[in-house]
There are 2 protein chains.
Amino acid sequence: MSVTLADVARRAGVSPATASRALSDRPHVAVATRARVRAAAEELAFVASPDAAGLARGTTGRVGVVLPHLSRWFFGAVLEGIESVLRHERIDLLLYRVGDAADRRAFFDTLPARRKVDALVVLGLPVDARERERLELMGVTIVAAVGQVAGHPFVGVDDHVAGRQAVDHLVHLGHRRIGMIAATDPQSDGYPDARSVAYRDSLADAGIPYDEDLVAVVDWGGAGGAEGMARLLGLREPPTAVYAHSDEVALGAVRTLRRAGLRVPEDLSVIGIDDHPLADLTDLTTVRQPAREQGEVAARMVLAALADAPGADVPGARAPGGVTLPTQLVVRRSTAPPRDGVTAPPRDG
Amino acid sequence: MSVTLADVARRAGVSPATASRALSDRPHVAVATRARVRAAAEELAFVASPDAAGLARGTTGRVGVVLPHLSRWFFGAVLEGIESVLRHERIDLLLYRVGDAADRRAFFDTLPARRKVDALVVLGLPVDARERERLELMGVTIVAAVGQVAGHPFVGVDDHVAGRQAVDHLVHLGHRRIGMIAATDPQSDGYPDARSVAYRDSLADAGIPYDEDLVAVVDWGGAGGAEGMARLLGLREPPTAVYAHSDEVALGAVRTLRRAGLRVPEDLSVIGIDDHPLADLTDLTTVRQPAREQGEVAARMVLAALADAPGADVPGARAPGGVTLPTQLVVRRSTAPPRDGVTAPPRDG
DNA sequence: CTGAAAGCGCTAACAA
DNA sequence: TTGTTAGCGCTTTCAG
């Protein structure tokens with residue numbers, strides 16, 4: 001079919017073994033021989049079969065990424081980060097999307113990546129005990145990003161901190177009646193919780209009583225945000241500021257406000273989380289989390305693990321170090337002090 | 001290292017050949033034998049090595065996707081479409097991102113996907129003659145999506161039509177002074193051209209003279225859009241409506257307007273292209289192009305080609321059929337008739 | 001430094 | 001129906 005190593009060897013007048021060594025830059029090859037082999041390979045436009053090489057060597061040269069979404073900016077950005085560092089090592093990326101609960105079950109049950117990758121990056125999928133157990137069956141390096149997998153290295157941000165940065169900002173602005181639009185993502189739950197807890201904690205610290213009516217739980221995404229805001233607006237006494245679990249949700253809320261003839265931030269402040277590129281375009285105040293960078297770190301962890309354990313599969317020999325990247329408040333123009341003194345100023349004004 | 005087919009065969013008391021047949025649901029295996037083999041495989045938690053199988057069979061079970069961006073909604077959505085149909089055939093996805101000119105050259109020069117995939121989807125990268133020639137070297141099925149590769153099947157939309165739908169809408173609304181923010185994407189140029197040509201054609205049909213001052217050429221993205229709009233606003237006589245090459249660009253333009261204290265669409269109309277999810281959230285009028293569906297069609301083309309030519313690599317035997325999906329005007333709230341009769345009504349008002 | 005030989009784990013004729 | 005015999009294309013001891 002195609003040119004093989006044997007062809008090259010023959011043409012260079014050496015054995016396949018030597019040709020192999022010569023082409024993969026391994027020692028014990030005379031410079032002249034190496035040159036000859038290289039020339040032969042060049043002339044024949046030879047390209048080694050990674051699969052055959054891998055079979056013989058026991059590695060695949062690929063790493064898999066399991067993630068819940070492909071079309072959301074955040075996941076794409078993380079993926080870009082992963083890709084950008086792995087490409088330098090000539091490692092290929094295999095994608096496994098688990099869109100819904102069924103996908104998820106199927107993935108962990110059948111482990112489609114088994115025997116196909118040297119490592120797996122679990123992205124944005126907090127994994128439970130059973131799932132983790134299944135994963136271990138793959139016998140490969142596992143790294144978690146944006147969510148954890150017990151016993152394995154991970155990268156992420158502190159969602160509690162991020163949430164506090166957002167709500168604290170609102171509090172410092174003088175808001176006392178702060179609503180929350182909490183988004184649930186059936187796939188990657190976990191951090192929504194931390195973001196919700198942050199809300200309660202921030203209010204508590206500010207001495208603001210928690211009012212259940214002020215939190216709307218909706219589906220992730222713009223539509224959810226729009227709906228949540230509508231609910232909040234329907235309150236006898238609506239909030240003067242709203243904390244949304246993500247920028248998409250926040251943008252949905254903004255649309256509801258706009259359609260209701262309310263102005264942001266004059267009539268109501270809105271803050272999101274993530275710093276989606278469109279947040280900048282829409283002047284949305286938010287808390288930035290480094291997306292691409294999380295991917296880069298995850299990929300470096302993979303590389304490190306692969307270098308450490310060249311095939312070693314000793315379950316105990318893993319170093320489940322974790323890296324938490326900082327988040328940062330980005331004040332734009334969707335937040336401002338409450339319009340009038342209808343509520344008391346914050347304690348630490 | 002891990003459980004092999006030989007282990008299973010031994011345990012089931014059959015030869016590896018039979019075990020292989022039994023496990024891959026091929027004929028000529030007694031039901032009882034098949035059951036026995038299956039049981040053995042089950043007990044040993046056996047999983048065949050796809051690489052070894054592929055090596056022997058001459059296929060990889062993977063298809064590659066080359067694309068310029070991972071974090072843009074549009075590409076992610078197309079990718080989701082591809083993934084969703086390929087997963088059913090248990091085909092894996094290998095990603096190749098060519099972010100800039102250097103990546104691009106490197107990709108076509110070194111062909112990193114060579115010998116690693118059964119087919120390649122070229123997504124959003126109009127390929128030139130030399131690049132195409134390199135691609136052929138891979139000797140695999142090639143399908144183009146959102147851009148073409150001469151001589152190979154492709155899916156896409158008609159960008160000229162899309163552009164006309166957008167500009168015609170503005171014209172029908174009564175606008176005569178219509179600006180364009182043309183975006184150039186160093187990677188995937190090609191369609192921006194069609195979108196620009198549509199602008200000229202639409203104006204010509206409406207009897208509106210082409211005014212070079214009214215077109216701002218900027219980089220793709222929100223920042224570009226913002227900048228382009230600023231330029232247009234600086235004109236002695238600014239346009240009453242603006243046609244942007246994409247929703248992101250349009251949103252950037254909207255931000256500039258908002259910051260300038262201008263209202264959309266009262267003071268100025270803005271239209272984009274794509275129907276990005278955030279277009280809905282921002283009430284942006286646009287022309288929708290089916291993203292996910294383009295991916296699905298591309299994947300089906302791959303499947304068809306793979307089924308047709310099970311290994312056949314006869315260069316002439318390809319059926320380079322193309323599929324063009326429809327685009328559709330989505331009127332929201334960023335476009336309206338011009339404010340006053342400062343310009344003459346359109347011919348076909 | 002180089003070559004021969006033995007796989008890596010599976011599939012595919014071809015017999016039996 | 002099942003087993004035997006060859007590989008797929010490369011790497012890797014182990015001699016030489």
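Since this is a predicted model, take the numbers as computed values, not measurements.

Caption draft 1: A look at the domain arrangement of chain A. In terms of domain boundaries, chain A breaks down into domain 1 (5-48), domain 2 (62-152 + 291-325) and domain 3 (159-288). One C-alpha centre belongs to domain 1 of chain A, the other to domain 2 of chain A; they are set 36 Å apart.

Caption draft 2: Region of the structure containing unusual backbone geometry. In this structure, Pro 265 of chain A follows Val 264 of chain A across a cis peptide bond, with omega equal to 5°. Of note in the backbone geometry, Arg 90 of chain A takes a positive phi value of approximately 60° without being a glycine. Among the secondary structure elements, Arg 90 of chain A is positioned in the loop between helix 5 (73-86) and strand 2 (92-97). At His 28 of chain B, a residue that is not glycine, the phi angle is positive and equals roughly 70°. Inspection of the secondary structure puts His 28 of chain B in the loop between helix 2 (16-23) and helix 3 (31-44).

Caption draft 3: Main features of the protein's contact with DNA strand C. Neighbouring DNA strand C are 25 residues; Ala 30 and Thr 33 of chain A together with Leu 5, Ser 20 and Arg 26 of chain B lie closest to it. Here the atoms of DNA strand C within 4 Å of the protein split so that 70% fall in sugar or phosphate, with bases taking the remainder. Contact between DNA strand C and Leu 5 of chain B: a phosphate oxygen at 2.3 Å from a main-chain N or O atom of the residue. Elements with a minimum of two residues in the surface near DNA strand C: helix 2 (16-23) and helix 4 (50-57) of chain A together with helix 2 and helix 4 (50-57) of chain B. Looking at the surface near DNA strand C, the element that brings in the most residues is helix 4 of chain B, giving four residues. In terms of residue class, the surface near DNA strand C is built from 13 nonpolar, seven polar and five charged.

Caption draft 4: Structural context of the relation of the copies chain A and chain B. Superposition of chain A onto chain B requires a rotation of 180° combined with a translation of 0.0 Å along the rotation axis, giving an RMSD of 0.1 Å. Such a turn and shift between the copies fits a two-fold axis. Identified as the residue of chain A closest to the rotation axis by C-alpha distance is Leu 94 of chain A, at 2.5 Å. Both copies contact each other with a shared surface, as 100% of the interface residues of chain A are interface residues in chain B too.

Caption draft 5: Broad picture of the interface of chain A and chain B. In this complex, chain A contributes 50 residues to the contact, which on the side of chain B involves 51 residues. Together chain A and chain B conceal approximately 4,600 Å² of surface at their shared face, both sides included; 51% is due to carbon and sulfur atoms. A per-residue breakdown of the area chain A buries against chain B is headed by Arg 97, Arg 115 and Leu 281 of chain A, which together make up 16% of the total. Counting across the interface, chain A meets chain B through 14 salt bridges. Of all the elements in the fold, those that place two or more residues in the side of chain A that touches chain B are helix 4, helix 5, strand 2, helix 10 (222-233), helix 11 (247-259) and helix 12 (277-281) of chain A. At seven residues, helix 5 of chain A tops the list of elements feeding residues into the side of chain A that touches chain B.

Caption draft 6: View of the protein's contact with DNA strand D. Looking at DNA strand D, there are 27 residues lining it, with Leu 5, Ser 20 and Arg 26 of chain A together with Ala 30 and Thr 33 of chain B nearest. In DNA strand D, atoms within 4 Å of the protein come 69% from sugar and phosphate. The backbone of Ala 52 of chain A places a nitrogen or oxygen atom 3.2 Å from a base nitrogen of DNA strand D. The separation between a base oxygen of DNA strand D and a polar main-chain atom of Ala 56 of chain B is 3.2 Å. Elements represented by at least two residues in the surface near DNA strand D include exactly helix 2 and helix 4 of chain A together with helix 2 and helix 4 of chain B. The greatest single-element share of the surface near DNA strand D, amounting to four residues, is contributed by helix 4 of chain A.

Caption draft 7: Spatial organisation of the sheet that holds strand 8 (residues 241-244) of chain A. Residue and element names in this part refer to chain A. Spatially, the four strands line up as an open sheet ordered 7-6-8-9, and their pairing is parallel. Of all strands in the sheet, those bounded by a partner on one side alone are strand 7 (215-219) and strand 9 (269-271). Averaged over all adjacent pairs, the angle separating strand axes in this sheet is 20°, with direction ignored. Here strand 6 (residues 178-184) runs beside strand 7; their pairing, made up of five bridges, is parallel. Within strand 7, the position partnered with Ala 183 by the bridge is Val 218.

Caption draft 8: A look at the pairing of strand 6 (residues 178-184) of chain B. Residue and element names in this part refer to chain B. Counting buried positions over the seven residues of strand 6 gives six, a clear majority of the element. Here four bridges tie strand 6 to strand 8 (residues 241-244), and the two strands are oriented parallel to one another. Paired with Ile 181 across the bridge in strand 8 is Ala 244.

Caption draft 9: Molecular detail of the sheet that holds strand 7 (residues 215-219) of chain B. Residue and element names in this part refer to chain B. Within the open sheet, the four strands sit side by side as 7-6-8-9. Their pairing is parallel. The open sheet has two edge strands, strand 7 and strand 9 (269-271), and neither has a second partner. Between one strand axis and the next, the sheet turns by 20° as a mean value, whatever way the strands run. Strands strand 6, strand 8 and strand 9 of the sheet are contacted by helix 8 (residues 159-172), whose axis makes an angle of about 175° with strand 8. In the packing of helix 10 (residues 222-233) onto the sheet, contacts are made with strand 6, strand 7 and strand 8, and the angle to strand 7 comes to roughly 155°.

Caption draft 10: Structural context of the UniProt feature "domain: HTH lacI-type" (unreviewed entry) in chain A. Sequence positions flagged by UniProt for "domain: HTH lacI-type" (unreviewed entry) are, in local numbering, residues 3-57 of chain A. The span residues 3-57 of chain A carries 69% helix and 0% strand; its end-to-end C-alpha distance comes to 20 Å.

Caption draft 11: Examining the pairing of strand 8 of chain B more closely. Residue and element names in this part refer to chain B. Of the two faces of strand 8, the one lined by Ala 241 and Tyr 243 and the one lined by Val 242 and Ala 244 are each fully buried. Note: strand 8 against strand 9, three bridges, orientation parallel. Residue pairing in the sheet places Tyr 243 in a bridge with Ile 271 of strand 9. Where the polypeptide runs from strand 8 across helix 11 (residues 247-259) and back to strand 9, its parallel neighbour, the crossover connection is right-handed.

Rules used in this analysis
Residues numbered from 1 in each chain as written. Chains lettered and ligands numbered in written order. Predicted model: local features only at pLDDT ≥ 70, side-chain atom pairs only at ≥ 80, totals over all residues. Heavy atoms only, no water. Domains from an automatic or database assignment. Helix = DSSP H or I, 4+ residues; strand = E, 2+ residues; numbered from the N terminus. Near = heavy atom within 4 Å. Polar contact = N/O pair within 3.5 Å; in protein donor to acceptor, adjacent residues only side chain to side chain. Nonpolar A, V, L, I, M, F, W, Y, C, P; charged D, E, K, R; others polar. Least-squares fit on C-alpha atoms with pLDDT ≥ 70 in both. Contact = heavy atoms within 4.5 Å. Buried area = accessible area lost by both parts, 1.4 Å probe. Salt bridge = Lys/Arg side-chain N within 4 Å of Asp/Glu carboxyl O. Pairing = 2+ DSSP bridges. Axes fitted to C-alpha atoms, helices over the stretch in contact; angles between N-to-C directions. Buried < 20%, exposed > 50% of the residue type's maximum accessible area, 1.4 Å probe, protein only. UniProt positions renumbered as here; feature names shortened; annotations may be inferred. Right-handed = clockwise from strand over helix to strand, strands pointing away.

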